[in-house]
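Letter by letter, the chains look like this.
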Amino acid sequence: DRRGRSLEDLDRAAFDAASADSASRQTVQNYEVYFGKTSRWVAVSASPLRNAAGAVTAMVHAFRDITAAREVEQLKADFISTVSHELRTPLTSIKGATALLFEQVPADASGALELLQMVRNNSERLLRLINDLLDASKIEAGKLTIRKQPCDPTRLLERAIAGVTGYAEEYGVVVTSEFARGLAPVVVDPDRVEQIMSNLISNAVKYSHRGDAVTVRVRSDGPFLRVAVIDTGVGIPASALPRLFEKFSQVDRGGRNRPGTGLGLVISKGLIEAHGGSISVSSTEGEGTTFTFTLPFAKRGADRA
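Presented here is an overview of the structure given in this document.

## A few points about the overall build of the protein
The secondary structure content of the protein amounts to 8 helices and 10 strands. For the protein, buried positions account for 36% of its 305 residues. Counted over contacts in the protein with a minimum sequence separation of 6, partners at least 24 positions apart contribute 63%. Total accessible area computed for the protein in this model is approximately 17400 Å², and 52% of it derives from carbon and sulfur atoms. Of the charged side chains in the protein, 38 are positive and 36 negative, and the gap between their average positions amounts to 3 Å.

Following this line, the structure appears as structure tokens:
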């Protein structure tokens, strides 16, 4: 696959995951593998066969040739990357020029200030979209830069939560946190972890009710730090869960259409996996949603590095 793991390794991981999941009899692992001899990309879906006691006795694999779809996706990604790069420079100039104009327009020129504010807001929105497009393209191409360093997870996540507190207040939502004591360090890119938290918490806030609370729960889980972002909002329909991490996928949640690019979860998933973690979601429509992701704790060798 794109991370260099062999089909044998992926099959073993799927078997181990199914064996460890005694609560569910429908554990399915999906991955994509490149066959060098035939130059084909194949999507693999691995499902367990269980005996009456629930133990896994074998794995059933479905293989689907996605080479043509991959080629089309690559063309789209190249186009998006090129256009995004070309747009970012003039938009940055517009944003900078607008900031200078704000300083020169008299305070009593309310009409001009209102127009400048509109220009600034829209240029910032377009820049966010372009940056999301570029991040998504880099993740797909395996070229995203991750600058890891040892970090105290409590301080890092508290800073990330503080960064979205103002946004939550606009929606009348409170963000609370629950941290286990004595959490070991993680070796991560702090900027990217803050980006992940911002995406997940802002989503939780957008689809919560005014007066609700979004809870960030942080625990250790063996060799991993486990972070859960929990809301009691409108929830996600069960039919929409399988495509939640697809590009530009925006699910109708309780009739609410919130502004966004449909790339936040795609980028978050890519960033988490680039750190060696994983992300999952559970939701009940009308009751709320929980996104849970893991990050590996630092090993001694990683700490020294």
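After presenting the structure, the write-up continues.
## Looking at the packing of aromatic side chains
If you walk through the whole model with that rule in mind, you get 3 aromatic pairs. Measuring from centroid to centroid gives 5.2 Å for Tyr167 and Tyr171, while their planes differ by 50 degrees, and the two rings are tilted. An angle of 90 degrees between the planes, with centres 6.4 Å apart, marks the rings of Phe245 and Phe291 as edge-to-face. Of this pair, Phe245 sits in the loop between β8 (224-231) and α7 (264-274) while Phe291 sits in strand β10 (residues 288-296), and the two are 46 residues apart along the sequence. We note Arg120 situated over the ring of Phe102; from NZ or CZ to the ring centre the distance is 4.3 Å.

## Looking at helix α3 (residues 110-141)
In a regular helix each residue adds 1.5 Å, so 32 residues correspond to 46 Å; α3 covers 47 Å between its end C-alpha atoms and thus fits that length. Burial in α3 covers these residues: Leu116, Ser123, Leu127, Ile130, Asp132, Leu133, Leu134, Asp135, Ala136 and Ser137. Lining the buried residues of α3 we find α2 (67-104), α6 (190-206) and α7. Taken from the residues just after α3, Gly142 is the one with a positive phi, measuring 70 degrees.

## Some thoughts on helix α4 (residues 153-163)
Taken as a whole, α4 has its buried residues at Pro153, Leu156, Leu157, Ala160 and Ile161. Along the axis of α4, the buried positions cluster into a sector of 130 degrees, meaning they face one direction only. Every exposed residue of α4 that faces more than 90 degrees away from the buried side is listed here: Arg155, Ala162 and Gly163. In this structure Asp152 caps α4, since a side-chain oxygen of it lies 3.0 Å from the backbone nitrogen of Thr154.

## Quick word on the sheet that holds β8
If you walk across this open sheet you meet the 5 strands as β5-β7-β8-β10-β9, and the pairing is mixed. Pairing within the sheet leaves two strands with one partner each, and these edge strands are β5 (174-179) and β9 (279-284). Here the strands of the sheet are splayed against their neighbours by 15 degrees on average, with no regard to which way each runs. As paired elements, β5 and strand β7 (residues 213-221) share 6 bridges and run parallel to each other. Within β7, the residue paired with Phe179 across the bridge is Val218. Taken strand by strand, α4 contacts β5, β7 and β8, and its axis lies near 175 degrees from that of β5.

## Quick word on the pattern of salt bridges
For the coordinates displayed, the defined rule picks out 11 salt bridges. In this structure, Arg40 and Asp65 form a salt bridge, with 3.1 Å as the shortest nitrogen-oxygen distance. Taken together, the positions of Arg40 in strand β2 (residues 40-50) and Asp65 in strand β3 (residues 56-65) put the pair 25 residues apart, joining distant regions of the chain. Salt-bridge contacts for Glu178 lead to Arg219; the nearest nitrogen and oxygen are separated by 3.7 Å. Residue Glu178 is located in strand β5, and its partner Arg219 is located in strand β7; the two are separated by 41 residues in the primary sequence. By relative accessible area, Glu178 is classed as partly exposed at 33%.

## Structural notes on a nonpolar patch on the surface
A cluster of nonpolar side chains, Phe79, Val83 and Leu87, forms an exposed patch at the surface whose accessible area comes to about 280 Å². Tracing the chain through its elements places Leu87 in helix α2. Note on Leu87: relative accessible area 42%, which makes it partly exposed.

## A word on the pairing of β7
Looking at chain direction, β7 and β8 are connected through 7 bridges and run antiparallel. From the neighbouring strand, Val216 faces β8, where its bridge partner is Val229. Taking the residues between adjacent antiparallel strands as the criterion, β7 and β8 are bridged by 2 residues, where Gly222 takes a positive phi near 65 degrees.

## Digging into the environment of Ser177
Tracing the backbone shows Ser177 in strand β5. By relative accessible area, which is 36% here, Ser177 ends up partly exposed. Note: C-alpha distance between Ser177 and Val214 (37 residues apart in sequence) is 8.4 Å. What Ser177 contacts, discounting residues up to four positions off in sequence, is Ile161 and Val216.

## A short note on the pairing of β9
Pairing of β9 with β10, which is carried by 6 bridges, proceeds in the antiparallel orientation. Bridged to Val281 within β10 is Phe291.

Rules used in this analysis
- Residues numbered from 1 in each chain as written.
- Predicted model: local features only at pLDDT ≥ 70, side-chain atom pairs only at ≥ 80, totals over all residues.
- Heavy atoms only, no water.
- Helix = DSSP H or I, 4+ residues; strand = E, 2+ residues; numbered from the N terminus.
- Buried < 20%, exposed > 50% of the residue type's maximum accessible area, 1.4 Å probe, protein only.
- Contact = heavy atoms within 4.5 Å.
- Areas by Shrake-Rupley, 256 points an atom, 1.4 Å probe, with all protein chains shown as cover.
- Lys, Arg positive; Asp, Glu negative; His and termini not counted.
- Charge placed at Lys NZ, Arg CZ, Asp CG, Glu CD.
- Phe/Tyr/Trp six-rings, centres within 6.5 Å; stacked < 30°, edge-to-face > 60°.
- Lys NZ or Arg CZ within 6 Å of the ring centre and 35° of its normal.
- Expected span 1.5 Å × (residues − 1).
- Arc of directions from axis to C-beta.
- Polar contact = N/O pair within 3.5 Å; in protein donor to acceptor, adjacent residues only side chain to side chain.
- Pairing = 2+ DSSP bridges.
- Axes fitted to C-alpha atoms, helices over the stretch in contact; angles between N-to-C directions.
- Salt bridge = Lys/Arg side-chain N within 4 Å of Asp/Glu carboxyl O.
- Patch = residues over 30% accessible without salt bridge, like charges linked within 9 Å, V, L, I, M, F, W, Y side chains within 5 Å.

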